[in-house]
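Spelled out from the first residue to the last, the chains are:
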Amino acid sequence: MGKFAEACRHIGFEAMFTPRMVIAKAWVLKKHFDGFPKTSDFDLKKIELPNLKDGELLLESVFLSVDPYMRPYSQRDMKEGDIMIGTQVARIVESKNPAFAVGAFVVGNSGWRTHFISDGKDLQLLPSNWPESLPRSLALGTVGMPGLTAYFGLLEVCKMKPGEIVLVNAAAGAVGSVVGQLAKIGGCKVVGCAGSDDKVAYLKKIGFDEAFNYKTVKSLDEALRKASPDGYDCFFDNVGGEFASVAINQMKKYGRIAVCGAISQYNDSVPQKGPYVQIPMIFKELQMEGFLVTRWKNRQEEGVQALLKWVVEGKVKCHEQVTEGFENMPMAFIGMLKGENLGKAVVKV
Ligand SMILES: NC(=O)C1=CN([C@@H]2O[C@H](COP(=O)(O)OP(=O)(O)OC[C@H]3O[C@@H](n4cnc5c(N)ncnc54)[C@H](OP(=O)(O)O)[C@@H]3O)[C@@H](O)[C@H]2O)C=CC1
Ligand SMILES: CCCCCCC/C=C/C=O
């Protein structure tokens, strides 16, 4: 390094003279999942990032999300060798775009990478009223896509009304835990099912009226009937498969079923067989509607502000399962699919 550049480094102008070389780490899908994902299906790659062009930003991921949709979407939309899809909370490290200041935090959709370059079009700045004391990781969970899924699914698909009875499965997870709490805020009775006694205890702590461990009950049918002998007006289904086939028979007349997810089927190599839904749907005159949260893209601001307010007021509680270390992303993803997470599963880089 020349004397002038050295002097500049001492006074903090190094970046002006020495282009920064950034090596990003990224997880790629080495092999399409066959049944349950394995760590050997992933590969960790290093990618040298080019210098920024005008209008571009360099970002570093701070928290990355692992979500169930990555399993079916990888099958549908990805080819082997592609970087794993996903969202992150990222900090702007360098900016050649006047709309984005260095140091600001955004939600990006750039996949499993430690660093990336963006032109800003696909980035969402964290709301300007985000409290300093609130973990920014919540922008991937309760105050992000999963929270919005609960919000729009309950309001627009279940069309819940005060006094109704709401059933939700995978209830201690990112979406389910918000569903139950919003249904309580909306004046409903809430029944939640989850896969461990610790999760059930958590559901009771955050205000669910009834909760049980679907893995240890003798009969799911009996447990659902005991939790709500009159049946269910709304069923927010995160699980599908056998659970949904049993629950549908306990819907009240004119009940509404929001088909949000089918995690019990994502790892199946051979499709599951019925029982089928038509008979209870006809005789109970049910409405069953599948949805994707992206339908309400134009109302995202409304949803985020409503969720942020409830979280800040303490009316919606959040729990996160934080895995430390970018190198542990595959493990965190697999763990979430196995049910190891309480609340939202995120990875801290
Ligand atoms: N439609 C949409 O736009 C969206 C849909 N979703 C869907 O919502 C659902 C929940 O997602 P999210 O809250 O992020 O994830 P969670 O945080 O709930 O994590 C997944 C949970 O699913 C449960 N689970 C896993 N396998 C099974 C199984 N075979 N049977 C029953 N439960 C199982 C586990 O909980 P447990 O220990 O209780 O079994 C696990 O913790 C998923 O199906 C997802 O695909 C999510 C976001 C958007
Ligand atoms: C930019 C992230 C898009 C998330 C879409 C989530 C839809 C989920 C479906 C099932 O899990």
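Parameters at a glance
- Residues numbered from 1 in each chain as written.
- Chains lettered and ligands numbered in written order.
- Predicted model: local features only at pLDDT ≥ 70, side-chain atom pairs only at ≥ 80, totals over all residues.
- Heavy atoms only, no water.
- Salt bridge = Lys/Arg side-chain N within 4 Å of Asp/Glu carboxyl O.
- Patch = residues over 30% accessible without salt bridge, like charges linked within 9 Å, V, L, I, M, F, W, Y side chains within 5 Å.
- Areas by Shrake-Rupley, 256 points an atom, 1.4 Å probe, with all protein chains shown as cover.
- Helix = DSSP H or I, 4+ residues; strand = E, 2+ residues; numbered from the N terminus.
- Near = heavy atom within 4 Å.
- Polar contact = N/O pair within 3.5 Å; in protein donor to acceptor, adjacent residues only side chain to side chain.
- Nonpolar A, V, L, I, M, F, W, Y, C, P; charged D, E, K, R; others polar.
- Domains from an automatic or database assignment.
- UniProt positions renumbered as here; feature names shortened; annotations may be inferred.
- Pairing = 2+ DSSP bridges.
- Axes fitted to C-alpha atoms, helices over the stretch in contact; angles between N-to-C directions.
- Core = buried A, V, L, I, M, F, W, Y, C linked by side-chain atoms within 4.5 Å.
- Buried < 20%, exposed > 50% of the residue type's maximum accessible area, 1.4 Å probe, protein only.
- Contact = heavy atoms within 4.5 Å.
- Parallel < 35°, antiparallel > 145°, perpendicular 65-115°, else oblique.
- Arc of directions from axis to C-beta.
- Right-handed = clockwise from strand over helix to strand, strands pointing away.

Moving on to the pattern of salt bridges. Throughout the structure, instances matching the rule amount to 19 salt bridges. Each of the salt bridges in this network shares a partner with another, and the network as a whole consists of E156, R299 and E302.

Right, let's get into a nonpolar patch on the surface. Taken together, the side chains of I279, I282 and F283 present a nonpolar region at the surface, about 360 Å² in accessible area. Relative to the assigned elements, F283 resides in helix α9 (residues 278–283).

For ligand 1, the set of nearby residues contains 27 residues, the closest of which are K199, Y214, Y266, V293 and N341. Here an oxygen atom of ligand 1 sits 2.8 Å away from a polar atom, N or O, in the main chain of N238. Measuring from a nitrogen atom of ligand 1, one finds a backbone N or O atom of C260 at 2.9 Å. The fraction of the free accessible surface of ligand 1 (900 Å²) that becomes covered by protein chains is 90%. Secondary-structure elements contributing two or more residues to the shell around ligand 1 are α4 (145–158), α5 (174–185) and α11 (329–338). The class makeup of the residues in the shell around ligand 1 is 17 nonpolar, 9 polar and 1 charged. No fewer than three residues from each of domain 1 (19–135 + 318–348) and domain 2 (145–294) sit in the shell around ligand 1.

Now for the UniProt feature "domain: Enoyl reductase (ER)" (unreviewed entry) in the chain. Per the UniProt record, "domain: Enoyl reductase (ER)" (unreviewed entry) is found at residues 35–347. Annotated as residues 35–347, this span is 28% helix and 25% strand, and its ends, taken at the C-alpha atoms, are 23 Å apart.

The next subject is the sheet that holds strand β9 (residues 189–194). With parallel pairing, the 6 strands of this open sheet are ordered in space as β10-β9-β8-β11-β12-β13. Unpaired on one side and paired on the other, β10 (210–213) and β13 (287–290) mark the two borders of the sheet. Each strand axis lies, on average, 15° off the axis of its neighbour in the sheet, ignoring direction. With 4 bridges connecting them, strand β8 (residues 165–168) and β9 associate as parallel partners. When the sheet's bridge partners are listed, I165 is paired in β9 with K189.

The next thing to look at is the site of ligand 2. Every residue close to ligand 2 is listed here: Y69, Y73, T87, N109, Y266 and L292. Calculation on ligand 2 without its partners gives an accessible area of 370 Å², and the protein chains cover 75% of this total. Within the shell around ligand 2, the residues separate by chemical class into 4 nonpolar, 2 polar and no charged.

This part is about the nonpolar core. With 51 residues, the main nonpolar core has W130, L154, L182, L203 and F236 as its most contacted residues. Those elements that place two or more of their residues in this core are β5 (105–108), α4, β8, α5, β9, α6 (197–205), β11 (232–237) and α10 (300–312). When residues of this core are assigned to their parent elements, the largest contribution, 7 residues, is made by α4. Residue assignment places this core across two domains, with domain 1 (19–135 + 318–348) and domain 2 (145–294) each supplying three or more. Among residues more than four places away in sequence, those in contact with L203 are A171, A172, G192, C193, A194, F208 and A211.

The next subject is the packing of α4 against α10. Two elements in contact, α4 and α10, have axes whose closest approach is 10 Å; the angle formed by their N-to-C orientations is 105°. Taken together, the axis directions place α4 and α10 in an arrangement best described as roughly perpendicular. Counted together, G147, L148, Y151 and F152 of α4 and Q300, E302, G303, V304, A306, L307 and W310 of α10 form the full contact between these two elements. For the contact of α4 with α10, the class distribution of residues is 7 nonpolar, 3 polar and 1 charged.

Okay, α6 next. Among the residues making up α6, those that are buried are K199, V200, Y202 and L203. What you see down the axis of α6 is that its buried residues fit within an arc of 160°, all on one side. In α6, those exposed residues whose orientation departs by more than 90 degrees from the buried face are D197, D198 and K205. Elements that come into contact with the buried residues of α6 comprise β9 and β10.

With respect to burial, β9 is a largely interior element, 5 of its 6 residues being buried. Across 4 bridges, the pairing between β9 and β10 is parallel. Residue pairing across strands places G192 opposite A211, the latter belonging to β10. Once you follow β9 into α6 and on to β10, the crossover reads as right-handed.

A two-sided burial pattern is seen for β8, the buried positions comprising I165 and L167 on one face and V166 and V168 on the other. Regarding topology, α5 serves as the crossover connection from β8 to the parallel β9, and that connection is right-handed. The sheet contact formed by β8 and β11 spans 3 bridges and is parallel. Bridge pairing in β11 links V168 to F236.

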